[in-house]
Every structure is written in C-alpha cells, then in structure tokens.
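Examining the three-dimensional arrangement
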Amino acid sequence: MVPAPRTVIRGIRKLEPATTLVVDAGGEVTQRRYWRLEATRAEREISEGEWIEAIHEALRTAVRRRNEVSDVPVGVLLSGGLDSSLLVALLAEMGIPDIRTFSIGFEDQPEEKGSEFEYSDQVVERYRPRHHKFLIPNDEVLKRLPEAVDAMAEPMFGQDAVAFYLLSEQVSRQIKVVQSGQGADEVFGGYFWYARMQQQQGSSLERFRRHYFDRDHDEYLRMVTSRYRVADVSGDYVAARLAEPLADEFLDQVLRLDVTTLIVDDPVKRVDNMTMAWGLEARVPFLDHHLVELAARTPPQFRLREDGKYPLKMIARGILPDAVIDRPKGYFPMPALKYVRGDFLHFMRDILDSRACRERGLYNRNYVDMLLAAPEMHHTRIQGSKLWHLAVFEYWLQRHLGERAS
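Residues numbered from 1 in each chain as written. Predicted model: local features only at pLDDT ≥ 70, side-chain atom pairs only at ≥ 80, totals over all residues. Heavy atoms only, no water.

**Considerations on the packing of aromatic side chains**
By the definition in use, this model includes 11 aromatic pairs. Ring geometry for phenylalanine 208 against tyrosine 212: centres 5.0 Å apart, planes inclined by 35 degrees, an arrangement best described as tilted. Of this pair, phenylalanine 208 and tyrosine 212 both sit in helix α8 (residues 204-212), 4 residues apart, roughly one helical turn. In terms of burial, phenylalanine 208 and tyrosine 212 fall into one category: buried. Relative to tyrosine 395, the ring of phenylalanine 347 has its centre 5.4 Å away and its plane inclined at 80 degrees; by these criteria the two rings are edge-to-face. With phenylalanine 347 in helix α17 (residues 342-352) and tyrosine 395 in helix α20 (residues 386-401), this pair connects stretches of sequence that are 48 residues apart. Summarising the burial analysis for this pair, phenylalanine 347 and tyrosine 395 share the class buried. Through a chain of ring-to-ring contacts, three or more aromatic side chains come together here, namely Tyr191, Phe192, Trp193, Tyr194, Phe208, Tyr212 and Phe213. Here lysine 133 stacks its cationic end above the ring of phenylalanine 117, 5.0 Å away from the centre of that ring. (Phe/Tyr/Trp six-rings, centres within 6.5 Å; stacked < 30°, edge-to-face > 60°. Helix = DSSP H or I, 4+ residues; strand = E, 2+ residues; numbered from the N terminus. Buried < 20%, exposed > 50% of the residue type's maximum accessible area, 1.4 Å probe, protein only. Lys NZ or Arg CZ within 6 Å of the ring centre and 35° of its normal.)

Here it is, written out as structure tokens:
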C-alpha cells in the first residue's frame, strides 16, 4: 500500500486521512487535520471489568447506529471469524428482525482450506438468520480476476480482494447495505505478528520491520531494475510515524499506525472498492471512532491477551459458540492465490513474461524467474504470495494505464 499523500501514479496525490482540503476562488489550497488518535492511558486506574463493559457498550452503539442509518435491510458478511460472528450476535441481541448473512468459500488446497463454513454454520445454527452460502470454483475465480483488478482504485495485493469482489456480486442481488468485521484485528490486536513484535529487541522500526514488511529493503533492491532503486522510503516513513507523540508504549505506536494509516489503504479500501463495484455499501462498526478511541486508551497487553482481541472474546463468551471464539485466527481464505500452481501459475507467468512487462522494465528478470521457478517457496512474513504481488501489480498497470504505460 502507498500511504497518502503519495500514489503509484505520477502527478496524482491522495488526501491524508482525517484531513480537509479547501481550494478558494484564487486557487489557494488549505489543508487541516481535524482528528488525531491518542494512544495514552487514562489517569484513573480502570479495572478489566470496566474496560470490557465500556467496550461492549461502545460496540453495541456502533452496530446499532450502522443499522439505523438506513432505509433498507442491513445484512452481515459472515466469514465465520469472531468479528463478523459477534456482529450477528449483537444484532440479534438488539432484537433486529430478519437478519441476513452471507458467506463465501473457495476450493481447498492441500495446505489450507478454502472456506470457514464449519464456523459460520455454527453461528447460523444459533441465531437462525436468513443465510446465503456461496462456493466459488477456481475456474470461476480465474475467469473473474480481470474484473476484480479493474475495480481496484489502486493495486491491491491482499488475496481476499477478489473474494470480496465475488461475494459482493452475490450479496448485491439481494441487499444493498452490509456490516463487515474489518478493523477489529487492528484495533484490538488480533494478528499474530503483534506479540512477536512485542518480544523483539531493537528500535521501533526494527521490531516492526522484522515481522511485518513483505520484503527487506535489500530484497526490494534485488526485485527492481536500477531505474526504480531508491532509498528506504518505507522504513523512513514507518519510523517517523511510530515516533509521533501521544503513544505510551511500542505496541501503542504500532496499533495506532495500523488504524490510522495501514488499514486505510489496504483492508478498508479493498472492501470499499470491491463492494461498491456492485453498488453494495459495507459499514464497519469496529472502526467507529468512539470505539477506536476507547480501545486505544486500554493497555496493549490487555488487548493482546489470549492470542489477541481479548475484550471481544470476553464480550462474545456465552453469546457465540466457544468453537468460534477459541478457534485459531483465520483469514479470508483464497488458497489458489497463496499457493500458486496450475492454471493460476500459468496466468501469472503470462503476465510477467508479457512484452508489456518486459518493456516496462520494472522488475529484475532474475528475481521474477526465481519466483516463477518455485512460487510456493516465496511467501511474505504475513503469508502472502510474492509472485501474486508482482503479477497483480503488473496486471493492474496494464488494465488501468495501458500495456506500455510506465
């Protein structure tokens, strides 16, 4: 992802989050930052029970607001994870009638299942929403990839972008507004790398980089041709953001960076682009600013307890099946874009071996050949396919800027 104000397109800039831009009649431009997230502790000692009760009420309010501000029925994108399942439980707790839920799954790979139906089915069994389940074969995924890439405002490397595109198509035929669980992991510390960062020694940047960056800068320099070799701008950017004031601890810095920067141009934009491609509006109660501000005041260790999202697990206990609460952290699975082989490998090979890619001269061919020779051996630290990263970026450039664009 490319944080604002930069973009991948020369001459185009993005407005930074929580910022207004005013252009007056004379052409003078004024920008104003109207919100900042403070990750500092309250002066008064607050008990664990008080924190959980306050978060529970704030989440209830966030879900209720996103259900009320609508003149059409609201559904839930039910992945089978804790976050979306909790949204269903809270809507049911409020007495919302005719809850509609939607789940999607894909073909399994030997290394990973392609769906989380075993968990979403348990939530459906408990609350009896009007449920819709879609299983998409791999040949359909491959056939629809060009459409999904066309819907991307910027290159999106998360493999679940295509999943959201295909799910949104189905959901939009029945409903126009959904609630989604995006943001819960970033706000409440649900990812495995947070605990690893906490245990790591070194500077804030070193601790973050070691467990999050897709590639170290040296590998980036091997990936691109000399024209695109630049200084470590990613490291410099992250170091500066982590060092900003009003964050008490290292993990406060990390979680604030995620919520205010990384999530903006990755999962939030990914879901927004893919849903709106079908005229479907996705609302994200876990990113309600009152809830986010409250969570940021809690000690990071409180949020990371029991493998992360401890407050949400305590809220869910008794209203969701224990199997959903205690399951290992899952991700929106699309194994074919993670363990690349067969037709998907041929598809990516054709993109990276194309005349357009070679003439663009972005990638070092030795690096490309290394990934193509053994794609399953090259995953990022957070388990993305490096080959998919290269292929989808080149494909996005071809689809959006023309084959010879540079």
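**Some remarks on the layout of surface pockets**
Put simply, the second largest pocket is a space of about 610 Å³. Around the second largest pocket, the lining comprises 26 residues; the ones closest to its centre are Pro17, Ala18, Val259, Thr260 and Val264. Elements with a minimum of two residues in the lining of the second largest pocket: α10 (233-242), α11 (250-262), α12 (264-276) and α13 (289-296). The biggest single contributor to the lining of the second largest pocket is α12, with 6 residues. Residues belonging to the lining of the second largest pocket are distributed by class as follows: 14 nonpolar, 5 polar and 7 charged. (1 Å grid on protein atoms, 1.4 Å probe; cavity = no way out; pocket = protein on both sides within 12 Å on 5 of 7 lines; lining within 4 Å. Points joined across faces, edges and corners; volume = space filled by probe spheres on them. Nonpolar A, V, L, I, M, F, W, Y, C, P; charged D, E, K, R; others polar.)

**As for the packing of α11 against α12**
Two elements in contact, α11 and α12, have axes whose closest approach is 7 Å; the angle formed by their N-to-C orientations is 50 degrees. The orientation of α11 with respect to α12, classified from their angle, is oblique. Within the contact between the two elements, α11 uses Val259, Thr260, Thr261 and Leu262 and α12 uses Val264, Asp265, Asp266 and Pro267. A breakdown of the residues in the contact of α11 with α12 according to their chemical character gives 4 nonpolar, 2 polar and 2 charged. (Axes fitted to C-alpha atoms, helices over the stretch in contact; angles between N-to-C directions. Parallel < 35°, antiparallel > 145°, perpendicular 65-115°, else oblique. Contact = heavy atoms within 4.5 Å.)

**A look at the nonpolar core**
Judged by nonpolar contacts, the single largest core of 57 residues is most densely connected at Leu352 and Tyr363. Going through the elements one at a time, β4 (100-106), β5 (130-136), α4 (138-150), α5 (160-172), α12, α17, α19 (365-373) and α20 are the ones with two or more residues in this core. Per element, the largest residue contribution to this core is 9 residues, and it comes from α20. The contact partners of leucine 352, leaving out residues within four places of it in the chain, are Cys357, Tyr363, Arg365, Val368, Leu372, Leu387, Leu390, Ala391 and Glu394. (Core = buried A, V, L, I, M, F, W, Y, C linked by side-chain atoms within 4.5 Å.)

**Side note on helix α7 (residues 192-199)**
Burial in α7 covers these residues: Trp193, Tyr194 and Met197. Here the buried residues of α7 occupy an arc of 110 degrees about the axis, which is enough to place them on one side. Those residues of α7 hidden inside the fold are in contact with α6 (184-188), α8, α11 and α14 (300-304). (Arc of directions from axis to C-beta.)

Everything listed here is a matter of geometry and, on its own, says nothing about what the molecule does.
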